[in-house]
Structures are given as C-alpha cells and as structure tokens.
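Observations on the model geometry
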Amino acid sequence: MPFATGPEHRAVGKPHLPPSPRRPPVSADPVLKAEREHLRQSRDDLAAMREHTLSLTAQSADHVSTEYLKAALYRRAKALEDDPSLPLFFGRIDRTDDDASETFHIGRRHVMDDNGDPMVVDWRADVSRAFYRATRADPHGVTLRRRYGFAGGELTSYEDEHLLDPGEADITSRILTEEIERPRVGPMRDIVATIQPEQDEVVRASLDRTVCVQGAPGTGKTAVGLHRAAYLLHTYRERLARTGVLVIGPNQAFLHYIAQVLPTLGEVDVRQVTVAELVGTVPIRGADGTGAAALKGDERMATVLRNAIWSHVAEPAETLYVTRGTRRWRVPVHEVADAVATLRERGDGYTTARSLLGQRLAHRILLRMEAAGELTDDRVQNAVARSRPVKQYVDQLWPALDPVKLVMRLLSEPELLAVAADGVLTAEEQATLLWPKPARGPKTAPWSHADAVLVDEAAAALERVPGVGHVVLDEAQDLSPMELRAVGRRAATGSLTVLGDIAQGTTPWATPSWPEALRHLGHDDAHLEVLRKGYRVPASVVDFAGRLLPVIAPGIAPPEPVRSNPGRLDVTRADGDLVEAVADAAADVAAREGSVGIIVADDGVGAAAEALRRAGVAHGELADDQRVTVVPATLAKGLEYDHVIVVEPAAIVAAEPAGLRRLYVVLTRAVSSLTVVHSEPLPAPLTHQ
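Residues numbered from 1 in each chain as written. Predicted model: local features only at pLDDT ≥ 70, side-chain atom pairs only at ≥ 80, totals over all residues. Heavy atoms only, no water.

For the protein chain, an unreviewed UniProt entry supplies the name AAA family ATPase and the organism Jiangella ureilytica.

Looking only at helices and strands, the protein chain has 28 helices and 23 strands in total. Each principal axis of the C-alpha atoms in the protein chain carries an extent, and together these give about 115 × 70 × 45 Å. Considering the protein chain as a whole, with its 689 residues, one finds that 51% of them fall into the buried category. For the protein chain, the computed accessible surface area is about 31,200 Å², with 51% contributed by carbon and sulfur atoms. Averaging the locations of the 79 positively and 95 negatively charged side chains of the protein chain gives two centres separated by 4 Å. (Helix = DSSP H or I, 4+ residues; strand = E, 2+ residues; numbered from the N terminus. Buried < 20%, exposed > 50% of the residue type's maximum accessible area, 1.4 Å probe, protein only. Areas by Shrake-Rupley, 256 points an atom, 1.4 Å probe, with all protein chains shown as cover. Lys, Arg positive; Asp, Glu negative; His and termini not counted. Charge placed at Lys NZ, Arg CZ, Asp CG, Glu CD.)

All right, on to the packing of helix 14 (residues 350-371) against helix 16 (residues 388-397) then. Packing of helix 14 against helix 16 brings their axes to within 10 Å, and their N-to-C directions diverge by 135 degrees. With respect to helix 16, the axis of helix 14 lies oblique. When the axes of helix 14 and helix 16 are compared, the crossing they make is right-handed. Taken together, the residues of helix 16 that come into contact with helix 14 (itself represented by R354, L357, G358 and L361) are V390, Y393, V394, D395 and L397. (Axes fitted to C-alpha atoms, helices over the stretch in contact; angles between N-to-C directions. Parallel < 35°, antiparallel > 145°, perpendicular 65-115°, else oblique. Left-handed = near helix turned anticlockwise from the far one by under 90°. Contact = heavy atoms within 4.5 Å.)

With that out of the way, let us pick up the pairing of strand 22 (residues 641-647). Extensive coverage of strand 22 is indicated by the burial of 7 of its 7 residues. Bridging between strand 20 (residues 596-600) and strand 22 involves 4 bridges; their strand directions are parallel. Note on strand 22: the bridge partner recorded for I598 is I645. Judged from the 6 bridges that link them, strand 22 and strand 23 (residues 670-678) form a sheet pairing that is parallel. In the sheet register, H643 faces strand 23, and the bridge partner there is S673. (Pairing = 2+ DSSP bridges.)

With that out of the way, let us pick up the sheet that holds strand 22. Reading across from one edge, 19-23-22-20-21 is the order of the 5 strands in this open sheet, with parallel pairing throughout. Two strands bound the open sheet, and with one partner strand each, they are strand 19 (568-573) and strand 21 (628-632). Between one strand axis and the next, the sheet turns through 20 degrees on average, direction left out of account. The strands touched by helix 26 (residues 605-615) are strand 20 and strand 21; relative to strand 21, the strand with the most contacts, the crossing angle is about 165 degrees.

End to end, helix 20 (residues 449-462) covers 20 Å across 14 residues, agreeing with the expected 20 Å (1.5 Å per residue, within 8%). Of all 14 residues that make up helix 20, 12 are buried, and the element is covered over most of its length. Here helix 20 has its buried residues at A450, D451, A452, V453, L454, V455, D456, E457, A458, A460, A461 and L462. (Expected span 1.5 Å × (residues − 1).)

Let's shift gears to the environment of E463. Mapped onto the elements, E463 comes out in the loop between helix 20 and strand 14 (470-473). For E463, a relative accessible area of 46% puts it in the partly exposed group. Linking E463 and G349, residues 114 residues apart in sequence, is a C-alpha distance of 4.9 Å. Leave out the neighbours within four places in its chain, and E463 touches T351 and T352.

Moving on: the pattern of salt bridges. Considering all chains together, one arrives at 45 salt bridges under this definition. Residue D44 is joined to R40 by a salt bridge in which the shortest nitrogen-to-oxygen separation is 2.7 Å. Of this pair, D44 and R40 are both found in helix 1 (residues 30-55), 4 residues apart, which corresponds to roughly one turn of the helix. Its relative accessible area of 38% is what places D44 among the partly exposed residues. With a relative accessible area of 39%, R40 lands in the partly exposed category. The partner of E335 in a salt bridge is R368, with the nearest N and O atoms 2.7 Å apart. With a gap of 33 residues between them, E335 in helix 13 (residues 333-345) and R368 in helix 14 connect regions that are remote in the sequence. The class of E335 is buried, set by a relative accessible area of 13%. Residue classification places R368 among the partly exposed positions, given a relative accessible area of 25%. Salt bridges sharing partners connect three or more residues here, namely E35, R92, D94, R146 and D160. (Salt bridge = Lys/Arg side-chain N within 4 Å of Asp/Glu carboxyl O.)

Grouped together as the largest cluster of nonpolar side chains are 83 residues, with contacts concentrated most on I248, V304, L357, W398, W447 and V487. Considering every element that reaches this core, the biggest residue donor is helix 14, with 8 residues. Filtering out sequence-adjacent residues up to four positions away, L357 remains in contact with A339, V340, L343, V394, L397 and W398. In terms of nonpolar packing, the next biggest core, distinct from the first, is built from 75 residues, Y257, I552, A636 and L639 among them. (Core = buried A, V, L, I, M, F, W, Y, C linked by side-chain atoms within 4.5 Å.)

Turning next to unusual backbone geometry. A positive phi is found at H140, a non-glycine position, where the angle reads about 55 degrees. Take H140: it is sitting in the loop between helix 3 (129-133) and strand 7 (142-151). Overall, the relative accessible area of 30% leaves H140 in the partly exposed class. Positive phi, close to 50 degrees, is recorded for E648, a residue that is not glycine. By the element assignment, E648 lies in the loop between strand 22 and helix 27 (649-654).

What follows deals with a negative patch on the surface. Where like charges cluster on the molecular surface, the negative patch consists of D97, D98, D99 and E102. Within the fold, D99 resides in the loop between strand 3 (89-97) and strand 4 (100-107). Classification of D99 as exposed rests on a relative accessible area of 81%. (Patch = residues over 30% accessible without salt bridge, like charges linked within 9 Å, V, L, I, M, F, W, Y side chains within 5 Å.)

Let's shift gears to the packing of aromatic side chains. Under the criterion given, the structure shown has 9 aromatic pairs. Ring centres of W310 and Y350 lie 5.3 Å apart, and the angle between their planes is 70 degrees; on these two criteria the pair is classed as edge-to-face. Highlighted residues: W310 in helix 12 (residues 300-310) and Y350 in helix 14, separated in sequence by 40 residues. On the basis of relative accessible area, Y350 is assigned to the buried category, the value being 0%. With a centroid separation of 5.7 Å and 55 degrees between ring planes, the pair formed by Y350 and W398 is classed as tilted. (Phe/Tyr/Trp six-rings, centres within 6.5 Å; stacked < 30°, edge-to-face > 60°.)

To continue, consider the sheet that holds strand 11 (residues 271-274). The strand order 11-10-14-15-9-16 describes an open sheet built from 6 strands, whose pairing is parallel. Taken across any chain shown, the strands that pair with only one partner, and hence form the sheet edges, are strand 11 and strand 16 (527-531). When strand polarity is set aside, the average angle formed by the axes of neighbouring strands in this sheet is 15 degrees. Both strand 9 (residues 211-215) and strand 16 contribute to a ladder of 5 bridges, which runs parallel. Paired with V213 across the strands is E529, a residue of strand 16. Along the sheet, helix 21 (residues 481-490) makes contact with strand 10 (245-249), strand 14 and strand 15 (495-500), crossing strand 14 at roughly 150 degrees. Lying on the sheet, helix 22 (residues 514-521) is in contact with strand 9, strand 14, strand 15 and strand 16; it crosses strand 15 at an angle near 145 degrees.

Put into structure tokens, the structure is as follows:
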C-alpha cells in the first residue's frame, strides 16, 4: 500500500515516489498537490450549491404549502453547511468498466460542479459501496483505493492500494488505524471513513428489513445504527420524508453524546428521544420498587389492560328505539348483541369499534325503513347514528374511556384490578401493583415511569398509535417487555434497527435473549447480526473486563480486539484516602491527550467532584462537554472516553442487583487507558487471571 505524507502526518509504509537522492519535498508531491486542489474546488462548489439554495424563493398557491417549502429549503441549506474542520472527502476509488476508467472521491455528502458533474460522491451512494467492500479477492471493479489523512480539515497525506497488482503485498492502512484510534473529545463523531465490511452489511440493509445487532463493547454498534439511519434517509428519501425516522436512546446523556452524528452527515430532521419521552403522557412523581417495576413491565400487563378496557362493554339488555317523524323504529337486543360481537371480533381498537357501533345500529334501522317503503340514503343513516337515542344507547352500552383515568383506576381500585387480572396475576401480584391509598386524581397521582408505559399500552388498545418508517433502538437489552411493546408499536408498519449487548443488560427485567426481545417488538422475523471485532476498546481492557463475562453472561464471547495499540491498564489500591487517590490519578491522566471519564457509583459523584476541585483539575458533568467528566455509573452506558478512571468497583457492584453487569459496562468505556482505583477488595471475578 503506497503511502505519501505531508508535514503534519507521519506513517510507516512503502514510499509513493521512487527512491531518489534528490527526492522533492512532500509538499511538492504532484499527487498531493492535485488532491488539495480538488478539495479546494469541492469546497467552493459546495458553497455555491448552498448559495443557490438560499437564493430560491418559496412560492405556492396557498400559505401552508409555502411554509412547507420554506422549511424544506431551510433544511436543504442546513444540510449543505460546510464544516472546515472536517474533510469533504476521505477516500477515492478508480474503477475500470468496459475499457473506460472512472474516478470517484467518496465523502460525507454529494457535491457537484457547475456542470452537474460529481466532485464528491455521497458515501451512501451505490457506487461508494465498493470503497468499503473491495478486496483483492473481490475488487468490485476497483483498480485503486486511496485513503486520505487530514489535520484540521487540511489534506496532509494519502495511501494507495492497487487491488489488481499481484506484486503488491497487503499492508494494514496506517491512516485507517490512526483514524480509528484517534483520541476523542466531546460528542460522538461519524465513522464514514472507517466503516468496515461487516459493519457496511448492516448499514446498507434495505428499509423493509429489521436488523438486530448484538455487539460487544467497542464494536461500533451505535455508530452502525446511526449510519444505517442516514443511509436509509438518503436511499428512501421520499418514503421516509412522509413517515420519518425515530432514534431512541437510554437517557438524555446518551442522546447528547450522539446528537451531532446525523447532522454531520447532512441529516438534520431526525427525532431523538428516550423511552421515557416516548411514553411521556403523565407527570412522573413516583418511583417503583424493583418488584413492582418488574411486574408492571411484564408482558402479562398487556392482557390485564385489555381485560380492563373491554370489561366496560356491557351486555345489551334493552331494545333500542329511535323515533323519526311519526314512526318509531326498533333494534331488538339479539341484533345489538350480534353487532357488538362482530365489532369485538374485528380486532379494531376499543375506541374505533365504539365509533362504528352507532353506524351498525343505524344500518339496522335503515333496513327496516327500506322494508317499509321509505326512501333512505347515507345521509339518513348518518343522521340516525348521530341522533340522541342512538348516542345515549351507545354511551350506556360501550362507554368512552380515557387511558390515563383507566390506568389510574386499575392501580387504585382493587375491584377493577381483580376483574381484569383474573387468571392472569396472583392475588399477591395484584397487591403489589396497587398504589397506596388514598386514591388521587390523574394530575396528582404518584405516576412512575412504568405506569406511563401502561398508559401508553392502554392508549394503543383504545386507538391505533401513529408509527414511523424506521426506528433505531439502542441499548435495547435493558428494556422491559412492555417498553419493547411501546417501541414496537411505533414501527408496526415500518422497520427497526435494534442495537445492544446481552452482557450489558443491567435492569432486573433485562432481556435474556434477542429472539424474546424481537417477539415483544413484533418483529420476530428480524435478521440477527453479531459484530465481533472490537475497534475501540483495547486488548488490555477487554482482557480485564472479560473476566466478568463467565459470571454475568456465560454464552457471550468478548470482542476480538483489532487495534494495534494494546492500551494501558493500571489497578491501584489506595493506601490512604480514596478520594485523594482519585484526584491524584485524575491529575496524572488529564496530562494525556484525549477525553477523560471518571466513573463512580452514583452516590459518590459529589465527593469525587469536590476532590477534583480541591486538586485543581478542571472538570464538568455529562452535559458540559468538558475534557474531564465525572460520570455516575448508571449513566455510563453507551459513552466512551479515551481514558477512564473507575472508582471503587465494589461500591458500583453493591449499588444494584445487577452490579457485576454494571461494572462490565463501566470498565469497557475506555478507549486508550483504564485506571482502577480502589480501597475495598476487587470483586472476585476480577482477581482471577
């Protein structure tokens, strides 16, 4: 793999130019000079594209359409913004087809010149697939693959790989390796320059296919999920413009961390929410104990809610009478019962079926009117359905329900719960569900997050919930069956990208297997992809954290580290004050390049922050984007730092029932180095070599 370098980027490789005692300086390399000129011209063309978009005027026949066009133009202009710190292209392929050669520069978005010819091809375009997939065994028509090195947005180096040259040996790309291992500060970045073939398979899966990705720490599953969303938005633009894409993460800290990935890829119109925000219809004022939360998250609660809802439909006991003009018409009880039974069997939501009952009863009356020789049409039927006798009859037989009030009653009225849970929950389980008395109104009830999920289920049982075209669900292993059902409803007519790691499940209701989770999501025919190669977590950290896997997840293999740098592991036992030892370790690690995460048990965050302040180590909290961050252990999932200091593993383990799994998550946040500071003995699995 020939290599050339500028003054800001050094690497090992075969020289691009032939050896010469009077070799010109790299800055005079004609190839590098030409590529820099192509980059400069591409930036000018991108600016021209944006200026053209801004010059357009949104005009339409009506105000609503005009505002829609204005919004579309704004989003288009936003997507064309240039970030000078990021390269417009990161690779190039030369292809030969039917004796004609073509060159494509691969980048984050499409850029064309004044003639409409491509200066940069979007990485999601079909032609770009070969950049990620081409090998010597299957070159995909590629004769040359070139990678570029950048510093501060300036092109500094390149590597060439001649895929059809039998005399050129395979050499690991130094540029690719350095990009993967480059220190990171701040939010997560895109990985378009480093997507690997097995990751590309997932990214380019079609829109009609649900994919579940099992990925150990450092395998890039979150990045793969986000890049799949970007790929689908590019490839199925019109369909997803109507139905949308939804990204669901475990908490706001995680969403803040990934927030800039899609915008840097030109996708600025994707909604990103937590599960709590997804089901947030009631004010959360309470918190359930582990037993109650697990029971409320059990899939049997869906049956209990359906029973509670449909228990409100009464058996007809009286004939329906409707007077029109001088005539009085009737619908006998047995015909009403038939209409009710038919609507219940249709499978529609409670509210939808209720709205049809009046029409069904009105139709029965119309049949009698026609038999008597009266003229009827749809207007007559609608008038009968809206008449006071029919509306009152329907209200008594099939009352309107509100999901919030229904769940409030279910959790505060033992009689209703007993009817709904008969044969589903035991008496002890029913007692666990009930709120402490006195019962309260909907606005002041002690709603918990698990209660909000029940309200969402009840709302869906009453009336269909609108869905989206595609859902990306990260850290899916931690969701309860009822939470998974809530997510699945949003993708009932679409598809999902499900991301997670069974070994990192830390909730009491964490899913034991992906087939079970996919069943709750309503997509049990999904394709399961396992990412095994660890590109971010170094070998020393994988080996240390992997000692926990035989205990927490016997069937899950650790990632296979592929990084050239094995990383650094330091385990320090504090002889004196633990907090002061943490401050000393932080001062030492902060002198290194890259981000630093100091992860402690949740109740130790304040003490750690105070020790850092006294030691003069500048730091911040999760939302502050500081280089040194104090992180509660329960919020560390999905995040990564170049250097991680884990404080008192025993305290992290003792803080929750799934403490060893939490510790595994915490230890695997490190990208370059891991420092463990402890005063109590380490958990037993970590001491076993």
